[in-house]
Amino acid sequence: MAPDYLRAYECFARAALLTDNPEGYWKLGDLYASGKGVPRSHRTAWNMYSRAYHAAGESPLAARAAHHLADYLMTGIDGFLQPDSDKALRLYNEAELGYYRLIESGLSYYSRQLDQVIEGQKKARAASQELHHCVRAQ
């Protein structure tokens, strides 16, 4: 059976909007980021991930949204969001801690995302160091 992305969109939107469910928001972000079932829109994906992040609050589920937000902060979104490696690094660090908590609670499938976040931290740290080195050199 083929995936039904339109039905997935309806279910995730209902979960997000009716219950302020962070997972619903980040799943909507995933759909918009990939263009599956909806027109691809990184700006809308950013907005959905931001809502997920805020809806999750102190929950370790904020890790997933923080991870996506950090990824966008590394690249930026044309005409909407400028790259910011310092903010990205903070979000990657938060995501790392959240993923550790999720993995410790038995959700070992977050190990792959944890590895991605650690790689993201390395890139963000290098970009921040380069940026601040240039500032110090002036």
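Provided above is the structure to which this section pertains.
Since the structure is predicted, the reported quantities are computational estimates derived from the model, not experimental observations.

Undergrad: Is there a simple way to explain the overall build of the chain in this structure?
TA: Across its full length, the chain holds six helices and zero strands. Going residue by residue from the N terminus, the α and β elements of the chain occur as α-α-α-α-α-α. The C-alpha atoms of the chain give a radius of gyration of 16 Å, which matches the 14 Å a tight globule of 138 residues would have. Along the first, second and third principal axes, the C-alpha atoms of the chain reach 55 × 40 × 30 Å. Relative to its 138 residues, the chain shows a buried fraction of 40%. For the chain, the share of sequence-separated contacts (at least 6 apart) that also reach a separation of at least 24 residues comes to 46%. Working note: accessible area of the chain is about 8,300 Å², and carbon and sulfur atoms make up 53% of it. When the 16 basic and 16 acidic side-chain charges of the chain are each reduced to a single mean position, those positions are 3 Å apart.

Undergrad: I would appreciate a short explanation of the side chain of Glu96 in the present structure.
TA: Structurally, Glu96 can be placed in helix α5 (residues 85-104). Although buried, Glu96 forms no salt bridge, and the nearest oppositely charged side chain, Arg125, lies 6.7 Å from it. Excluding residues that lie within four positions of it along the chain, Glu96 makes contacts with Leu114, Val117, Ile118 and Gln121.

Undergrad: For this particular structure, what's the right way to read the pattern of salt bridges?
TA: Opposite charge on two side chains makes pairing possible when the charged atoms of those side chains draw close. Tallying each qualifying case throughout the model produces three salt bridges. Across the salt bridge formed by Arg7 and Glu10, the nearest N and O atoms sit 3.6 Å from each other. On the criterion of helical spacing, the pair formed by Arg7 and Glu10 is a turn pair, its members being three residues apart in helix α1 (residues 5-19). Relative accessible area serves as the criterion here: at 34%, Glu10 is assigned to the partly exposed category. Residue Glu119 pairs with Lys122 through a salt bridge whose shortest N-O separation is 3.2 Å. Here Glu119 pairs with Lys122, and both are found in helix α6 (residues 111-137), just three residues apart, close to one helical turn.

Undergrad: Mind showing me how you'd approach the environment of Ala45 here?
TA: Among the secondary structure elements, Ala45 is positioned in helix α3 (residues 42-56). Between the C-alpha atoms of Ala45 and Trp26, which are 19 residues apart in sequence, the distance is 8.1 Å. Those residues in contact with Ala45 that lie beyond four places of it in its chain are Gly29, Tyr32, Ala33 and Tyr72.

Undergrad: Sorry, what's going on with the side chain of His68 here?
TA: For His68, the location among the structural elements is in helix α4 (residues 62-75). In terms of polar contacts, His68 uses its side chain to reach the side chain of Asp30, at 3.3 Å. If near-sequence neighbours (up to four positions away) are discounted, His68 is found in contact with Asp30 and Tyr49.

Undergrad: Any chance you could explain α5 here in plain terms?
TA: The periodicity of an α-helix, 3.6 residues per turn, causes residues three or four places apart in sequence to face the same way. For α5, spanning 20 residues, the distance from its first C-alpha to its last is 28 Å, which sits close to the expected 28 Å at 1.5 Å a residue. One side-chain oxygen of the residue at the start of α5 lies 3.2 Å from the amide nitrogen of Asp86, identifying that residue as Asp84. Following α5 by one or two positions, Gly106 has its phi on the positive side, about 105°.

Conventions used here
Residues numbered from 1 in each chain as written. Predicted model: local features only at pLDDT ≥ 70, side-chain atom pairs only at ≥ 80, totals over all residues. Heavy atoms only, no water. Helix = DSSP H or I, 4+ residues; strand = E, 2+ residues; numbered from the N terminus. Rg over C-alpha atoms; globule rule 2.2 N^0.38 Å. Buried < 20%, exposed > 50% of the residue type's maximum accessible area, 1.4 Å probe, protein only. Contact = heavy atoms within 4.5 Å. Areas by Shrake-Rupley, 256 points an atom, 1.4 Å probe, with all protein chains shown as cover. Lys, Arg positive; Asp, Glu negative; His and termini not counted. Charge placed at Lys NZ, Arg CZ, Asp CG, Glu CD. Salt bridge = Lys/Arg side-chain N within 4 Å of Asp/Glu carboxyl O. Polar contact = N/O pair within 3.5 Å; in protein donor to acceptor, adjacent residues only side chain to side chain. Expected span 1.5 Å × (residues − 1).

Any functional reading would require information beyond the geometric quantities listed.
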